[in-house]
Amino acid sequence: MLNDADIVQYDLNPDESITDHDAVCIAQAGKLLQIGYLEYETAVYGTVYHKNGERHYYISAKENRITQFMHQCYNQNIYPAPVKYFFKRYDLVNQTEEEVQHQFRLEVARKLRATYPPVFFTALDELTKPLAANSAFGLMKGLCEQLDSSFDFHQLQLFDSLAHRLLQGRLLTQEGYWLLKQWLDKEYEKIAVEPVASGDYRRTYAGFAYQKPDGSIAYFCDAFPYMSMEKQRLFLCKGYLVTPVLTVTYYADSFQHLENSRQTFDNALRTYLGERYLKLMAILRTLPASVDVKRYRDYLEQITAAGSATALEAFRYYGYLWNVL
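Here's a quick rundown of the structure. (Residues numbered from 1 in each chain as written. Predicted model: local features only at pLDDT ≥ 70, side-chain atom pairs only at ≥ 80, totals over all residues. Heavy atoms only, no water.)

### Side note on the overall build of the protein chain
Here comes step 1: The helix and strand tally for the protein chain stands at 13 helices and seven strands.
Here comes step 2: The burial tally for the protein chain puts 43% of its 325 residues in the buried class.
Here comes step 3: Here the contacts in the protein chain between residues at least 6 apart in sequence split such that 72% fall between residues at least 24 apart.
Here comes step 4: Within the structure as shown, the protein chain displays about 17700 Å² of accessible surface, and the carbon and sulfur contribution to it stands at 50%. (Helix = DSSP H or I, 4+ residues; strand = E, 2+ residues; numbered from the N terminus. Buried < 20%, exposed > 50% of the residue type's maximum accessible area, 1.4 Å probe, protein only. Contact = heavy atoms within 4.5 Å. Areas by Shrake-Rupley, 256 points an atom, 1.4 Å probe, with all protein chains shown as cover.)

In structure tokens:
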């Protein structure tokens, strides 16, 4: 570990062979980075959930890991707080990367603990005790028939995302959800494409369609998939009709002009998530509420009174998924 005196004594001069000014700057910056003098940025995704009467925190630097964890929670009828993204910059003059990461994770856990009042978890526990409805299963089975042997990976991905959202919304039972997943796995096998591909040079985009109360339709797209999920939650809480998120990764070895991938993705959004898909979302919004409406509204008042805007937004988000709001 280095201190300020060590940095003063450290040789920041570039190699004598480097004469170009820009190259000199790059070389000096590299040395500063090596000794930990430049800022170090760390970032994690975090959530908090209630299990066996206690709060637990799940924090990961990997988006796919926390996504998998959230899926596992809903499969066990556990309703965590929506995932949040946290980042912070540190200098490494007096700390190692490992110490900074540990410190930051503790900070995130403390923030999550302070954000959600006890009544938030009491409400989630009590409202989700009764068995979930399976009111969306018939509609989803109809979609299965339409998509059977369609060999369309994007349609299948959207189906997967929609089924998971309906499980969160308690409009599918766990048994109903897994029946749909079994069908989906067979469809993936038919096209011999794994849901997760790999490659060195790639660009990923995520986006969705939404319809405002005035009937206008718009699309949201971002190269950071988490931002699409965050916007999706925000728009749901505004009362918009919102489709599942479509995520596409373009690889340089199969997509010759990677710089044009954004426009290609925009075209895909409009192809797959147009008026027809929004009509499906409107039909799903007409299904009966999947939790006790009166109890939900009682808890909504209590959470509002607790004064945490983030907790209130999270509870309202679940309210829209449950077709209460």
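Further notes follow.
### Structural notes on the packing of aromatic side chains
Here comes step 1: Evaluated as defined, the whole model comprises 30 aromatic pairs.
Here comes step 2: Ring plane angle 50° and centroid distance 5.5 Å describe the contact between Tyr-317 and Tyr-318, whose orientation is recorded as tilted. The residues Tyr-317 and Tyr-318 share a single accessibility class, namely buried.
Here comes step 3: Each residue in the set Tyr-74, Tyr-79, Tyr-116, Phe-120, Phe-121, Tyr-296, Phe-315, Tyr-317, Tyr-318 and Trp-322 is aromatic and connected to the rest through ring pairs, giving one cluster. (Phe/Tyr/Trp six-rings, centres within 6.5 Å; stacked < 30°, edge-to-face > 60°.)

### Some thoughts on the pairing of strand β4 (residues 202-211)
Here comes step 1: In terms of strand pairing, β4 meets strand β7 (residues 246-251) through six bridges, oriented antiparallel. When the bridges of β7 are listed, Arg-202 appears paired with Tyr-251.
Here comes step 2: Sheet topology note: the β4/strand β5 (residues 217-222) ladder contains six bridges and is antiparallel. Bridge pairing in β5 links Gly-207 to Cys-221.
Here comes step 3: Once β4 ends, the chain turns through five residues before running back antiparallel as β5, passing Gly-215 with a positive phi of about 95°.
Here comes step 4: Note: β4 against strand β6 (residues 241-242), two bridges, orientation antiparallel. Within the sheet, the bridge partner assigned to Tyr-210 lies in β6 and is Val-242. (Pairing = 2+ DSSP bridges.)

### Some thoughts on the nonpolar core
Here comes step 1: In terms of nonpolar packing, the biggest core is built from 92 residues, with Tyr-116, Phe-120, Phe-159, Leu-162, Phe-315 and Trp-322 touching the most fellow members.
Here comes step 2: Once residues lying within four places of it in the same chain are set aside, the contact partners of Tyr-116 are Val-48, Arg-55, Ala-81, Pro-82, Phe-121, Thr-310, Ala-311 and Ala-314. (Core = buried A, V, L, I, M, F, W, Y, C linked by side-chain atoms within 4.5 Å.)

### Looking at the pattern of salt bridges
Here comes step 1: Tallied over the full model, the rule gives eleven salt bridges.
Here comes step 2: Among the salt bridges present, the one from Lys-88 reaches Glu-107, with a minimum N-O distance of 3.2 Å. One end of the pair, Lys-88, is in strand β3 (residues 84-91); the other, Glu-107, is in helix α4 (residues 97-115), with 19 residues separating them in the sequence.
Here comes step 3: Salt-bridge contacts for Asp-298 lead to Lys-294; the nearest nitrogen and oxygen are separated by 3.2 Å. Linking Asp-298 with Lys-294, this pair stays in helix α12 (residues 293-306), spanning four residues, or about one helical turn.
Here comes step 4: With relative accessibility at 32%, the residue Asp-298 sits in the partly exposed group.
Here comes step 5: A single network of salt bridges, built from pairs that share partners, joins Lys-84, Glu-230, Arg-233 and Glu-313. (Salt bridge = Lys/Arg side-chain N within 4 Å of Asp/Glu carboxyl O.)

### Comments concerning the packing of α12 against helix α13 (residues 309-321)
Here comes step 1: Look at α12 against α13: their axes get within 9 Å of each other, and the N-to-C directions meet at 165°. As summarised for this structure, α12 and α13 are arranged roughly antiparallel, according to the angle between their axes. Between α12 and α13 lies a crossing of left-handed hand. Judged by residue contacts, Tyr-296, Tyr-299, Leu-300, Ile-303 and Thr-304 of α12 engage Ala-311, Leu-312, Phe-315, Arg-316 and Gly-319 from α13.
Here comes step 2: Grouping the constituent residues of the contact of α12 with α13 by class yields seven nonpolar, two polar and one charged. (Axes fitted to C-alpha atoms, helices over the stretch in contact; angles between N-to-C directions. Parallel < 35°, antiparallel > 145°, perpendicular 65-115°, else oblique. Left-handed = near helix turned anticlockwise from the far one by under 90°. Nonpolar A, V, L, I, M, F, W, Y, C, P; charged D, E, K, R; others polar.)

### Concerning the side chain of His-164
Here comes step 1: Mapped onto the elements, His-164 comes out in helix α7 (residues 153-168).
Here comes step 2: Overall, the relative accessible area of 10% leaves His-164 in the buried class.
Here comes step 3: Excluding anything up to four places from it in sequence, His-164 contacts His-71, Tyr-74 and Tyr-177.

### Re the packing of helix α6 (residues 137-147) against α7
Here comes step 1: For the pair α6 and α7, the least separation of the axes is 12 Å and the interaxial angle reads 170°. Relative to α7, the element α6 is oriented roughly antiparallel. On α7, the residues that touch Met-140, Leu-143, Cys-144 and Leu-147 of α6 are Gln-155, Phe-159, Leu-162, Ala-163 and Leu-166.
Here comes step 2: Class assignment for the residues of the contact of α6 with α7 results in eight nonpolar, one polar and no charged.

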